[in-house]
Amino acid sequence: MGKILHKLFGELNMTWPKVIIFAVAAGVYTALMALWVPASCSFHDIAVTEEAWIPLALIVVVNCKEPLEAALKTFVFFLISQPLVYLIQVPFSDMGWQLFGYYRYWFYITLCTFPIAFIAWFVKKNNILAGLILSPALILLVYHGICYVITLRHEFPHHLISAIFCFGIIPILVFGIFTDKKPIIISLALSIAAIIALFILKWNGTGSELLSANVLLAQDTFDLDDSWTVSIDDESFGTAELATRGDGSHFVVVHYQKTGSGILTLTDGKGNTHRIKLILDDEKNIDEKLID
C-alpha cells in the first residue's frame, strides 16, 4: 500500500498531455456529479467545496520536477477543469450561460493556485519545512470535515461520506508524500490540534451559541441572492445570516442561542417579505414552518 501511495504522490511522470487529460476527466466527473446527484449527497460536494480538489492538486504538484513546472501545470489543471464543469452543465440548466456567474469564485482560486503550487512543491523535500507547508492544506481538510460532522447532527446521513473523506485523506496524503518521521509527526500533530480546536469551536459555537444550522425550507423555496436580507425577531433566541457556497448559491444559517421559537424574516431585493417560524426543542430538533 505504501508503495502505491508513494507512486501516486511523487513517482508519476506528469507530462503536459497527462495534465490536460487529468483536468478534463476531473471537470467531466464534477459536472456529472453536479447534474446527476442531489445537493444533499456527498458526491455532489466536489462541485461546491474545495476539499476534493486538494489531493487532486497535490497529485499534479508532487509529480513535477521543478516548482515553476508545478505552478504552471497546477494552474492549467484548474484553468481547464473548472470552466469545463460549468460548460457541460449549461445545456441542462435553466440559467444557460448565466451559470458561468458561479465560476468567478473558482477563477479566483485558479489564480491563487500558481503561487500556492510553487510553494507546495517543496513538500517533496521531505523535511520539517515540508511538514509545515503541507499543514495548511490538511487544516483546510479538517475544517471542511468538522463542518460536515456538524451538519450530520441535523441532516444525517447527508454528507457522511464527505466527512469520512476529509479526515481519511489526511493520513493518505501525509504517508503518501513523506517518508521521514519529522514531517510526518509535524503535519499529523498540527492536524490533530486543528481537529480538537475546530471541533470545540464549531460544536459548541462561540459565546452563548447553542448550535448553528441551515434553514432548509428557505433554501428549497426561495431563489436567494445577494439582494436578500434575513433577520430574527427575537435576537435572544438566535440570529440569522445569508451565506454563500463555493458555487455562488446562497443559503440561510441560523445561530440558535436557546431553545424556544422565533420568526425568521426574509426580504428580497424588491422589498417582498417572507416569514418562517423556527422552533428548537430541548433535544435540539429543529422545526421550520412557512407562515407567509
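The following paragraphs examine the structure supplied in this document.

Cut-offs and rules
Residues numbered from 1 in each chain as written. Predicted model: local features only at pLDDT ≥ 70, side-chain atom pairs only at ≥ 80, totals over all residues. Heavy atoms only, no water. Helix = DSSP H or I, 4+ residues; strand = E, 2+ residues; numbered from the N terminus. Rg over C-alpha atoms; globule rule 2.2 N^0.38 Å. Buried < 20%, exposed > 50% of the residue type's maximum accessible area, 1.4 Å probe, protein only. Contact = heavy atoms within 4.5 Å. Patch = residues over 30% accessible without salt bridge, like charges linked within 9 Å, V, L, I, M, F, W, Y side chains within 5 Å. Areas by Shrake-Rupley, 256 points an atom, 1.4 Å probe, with all protein chains shown as cover. Salt bridge = Lys/Arg side-chain N within 4 Å of Asp/Glu carboxyl O. Pairing = 2+ DSSP bridges. Axes fitted to C-alpha atoms, helices over the stretch in contact; angles between N-to-C directions.

With that settled, consider the overall build of the chain. Secondary structure summary: the chain contains nine helices and seven strands in total. On C-alpha atoms alone, the chain measures out to a radius of gyration of 21 Å, which is about the 19 Å that the 2.2 N^0.38 rule sets for 292 residues. Its C-alpha atoms put the chain at 60 × 45 × 30 Å along the principal axes. A buried classification covers 43% of the 292 residues belonging to the chain. Within the chain, residue pairs in contact and separated by at least 24 positions form 63% of the contacts whose partners lie at least 6 positions apart.

Side chains of Trp 16, Leu 68, Leu 72, Phe 118 and Ile 119 sit close together on the surface and give an oily, nonpolar patch of about 450 Å² of accessible area. Every element with two or more residues in the nonpolar patch is listed here: α4 (67-89) and α5 (103-120). On the secondary structure map, Ile 119 appears in helix α5.

Quick look at the sheet that holds strand β6 (residues 273-280) now. In space, the four strands of this open sheet follow the order β2-β5-β6-β7, with antiparallel pairing throughout. Edge positions in the sheet fall to β2 (229-232) and β7 (286-290), since each has one partner strand and no second. The mean inter-strand angle of the sheet, taken between neighbouring strand axes irrespective of direction, is 25 degrees. Bridge count for β2 against strand β5 (residues 260-267) is four bridges, and the pairing is antiparallel. Paired with Ser 231 across the two strands is Thr 265, which belongs to β5.

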